[in-house]
Amino acid sequence: MTILSITNLSKSYANTAVFNDFSLHVKAGEVVAVLGENGVGKTTLMRCILGLTAADGGAIKLFGEQQTNRYRSAALKERWGVVMQVGAVNGQLTVHEQIQLHQSYYTHPVSVDALTQQVPIEPLLHKRFAVLSGGEQQRVLFALALIGQPQLLFLDEPSVGMDLNTRQHMWQCIESLKTQGVAIILTTHYIEEAYQLADSVVLLRKQAPAEQLPIKTMSLEQLMSTLTGAHVS
Ligand SMILES: Nc1ncnc2c1ncn2[C@@H]1O[C@H](COP(=O)(O)OP(=O)(O)OP(=O)(O)O)[C@@H](O)[C@H]1O
């Protein structure tokens, strides 16, 4: 089942094109990594899909429904999870309060117990979000994105600041979501992360069309040298 279809999408800011004629199709259980150097348009792409930024042209279909404008229905939002930017969270709430708040957004949220089994945030529950370390905050943001049992998950640089163990735990969690049929779109600057998790890699480039790389037939070294040639950080 195709969860997301993007066809010939274009977006410019003040006459500067971010992407043009961009197409992407993501099926249930598929992980797609979107790579590219700083400022190439990875977050803008996510925002266009989520309806937070208006695209200039092209078509976006989510769960088979054509999106005709920026409005995304409540029913649709129930079906996706997003790792938000740190600034989008009220730092004065404890992690437990954040979870309760997010549970209230969904018809069928997971329990706190189920969530802490999925992501190791139990020791953080009674701390205020603002006092957590950067890596701990990322871990909580990842957990919050899973509360609604999403079928489509957007992860915008989810492992920034995470130590190796925490990152590897998140990778295992992503692998497990994938086997449950969750479609995942991931942006990252960690090439090993993309290589480990993704079924395909989309390389966004400045002033050149995006390229879909067949990573399952590439070695990590081949992927690195392709990306380095394209000046990816
Ligand atoms: N609201 C906006 N108004 C004008 N220009 C914008 C706006 N948002 C983003 N841009 C520009 O669009 C381009 C793409 O930005 P975007 O944040 O999507 O890049 P990115 O690939 O996610 O970067 P990074 O890897 O640094 O997170 C950048 O040149 C940025 O300055």
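Residues numbered from 1 in each chain as written. Predicted model: local features only at pLDDT ≥ 70, side-chain atom pairs only at ≥ 80, totals over all residues. Heavy atoms only, no water.

Considering the pattern of salt bridges
Thinking step 1. Per the stated rule, a full pass over the model turns up 2 salt bridges.
Thinking step 2. Note that Asp 199 and Lys 178 form a salt bridge whose closest N and O atoms lie 2.7 Å from each other. Within this pair, whereas Asp 199 is found in the loop between α7 (191-197) and β9 (200-205), its partner Lys 178 is found in helix α6 (residues 164-179), the two being separated by 21 residues in sequence.
Thinking step 3. Asp 199 gets classed as partly exposed once you look at its relative accessible area, which sits at 24%.
Thinking step 4. Measuring nitrogen to oxygen at the nearest pair gives 3.1 Å for the salt bridge that ties Arg 205 to Glu 211. (Salt bridge = Lys/Arg side-chain N within 4 Å of Asp/Glu carboxyl O. Helix = DSSP H or I, 4+ residues; strand = E, 2+ residues; numbered from the N terminus. Buried < 20%, exposed > 50% of the residue type's maximum accessible area, 1.4 Å probe, protein only.)

Concerning the nonpolar core
When a protein is soluble and globular, its nonpolar side chains tend to lie buried together.
Thinking step 1. In this structure, Ile 99, Ile 121 and Phe 142 are the most contacted members of the largest nonpolar core, which totals 47 residues.
Thinking step 2. Sorting elements by how many residues they give to this core places helix α5 (residues 134-145) first, with 6 residues.
Thinking step 3. Of all hydrophobic cores here, the second largest spans 28 residues; its members include Ile 3, Ile 6, Trp 80 and Phe 154. (Core = buried A, V, L, I, M, F, W, Y, C linked by side-chain atoms within 4.5 Å.)

Observations concerning the sheet that holds strand β6 (residues 80-83)
Thinking step 1. In space, the 6 strands of this open sheet follow the order β6-β7-β8-β3-β9-β10, with mixed pairing throughout. This sheet does not close on itself; its edge strands, each paired only once, are β6 and β10 (208-213). Across the sheet, the axes of successive neighbouring strands diverge by a mean angle of 15 degrees, strand direction being ignored.
Thinking step 2. Pairing analysis gives 4 bridges linking β6 to strand β7 (residues 152-156), with the strands arranged parallel. Its bridge partner being in β7, Val 83 is matched across the sheet by Leu 155.
Thinking step 3. Contacts from α5 reach β6 and β7, with the element oriented near 170 degrees to β6. (Pairing = 2+ DSSP bridges. Axes fitted to C-alpha atoms, helices over the stretch in contact; angles between N-to-C directions. Contact = heavy atoms within 4.5 Å.)

A word on helix α3 (residues 95-103)
Note: α-helices contain 3.6 residues per turn, so residues at a spacing of three or four share the same orientation.
Thinking step 1. Taken as a whole, α3 has its buried residues at Val 95, Gln 98, Ile 99, His 102 and Gln 103. Taken down its axis, α3 places every buried residue within 135 degrees of arc, on the same side.
Thinking step 2. Turning to α3, the residues buried within the fold contact α4 (112-118) and α5. (Arc of directions from axis to C-beta.)

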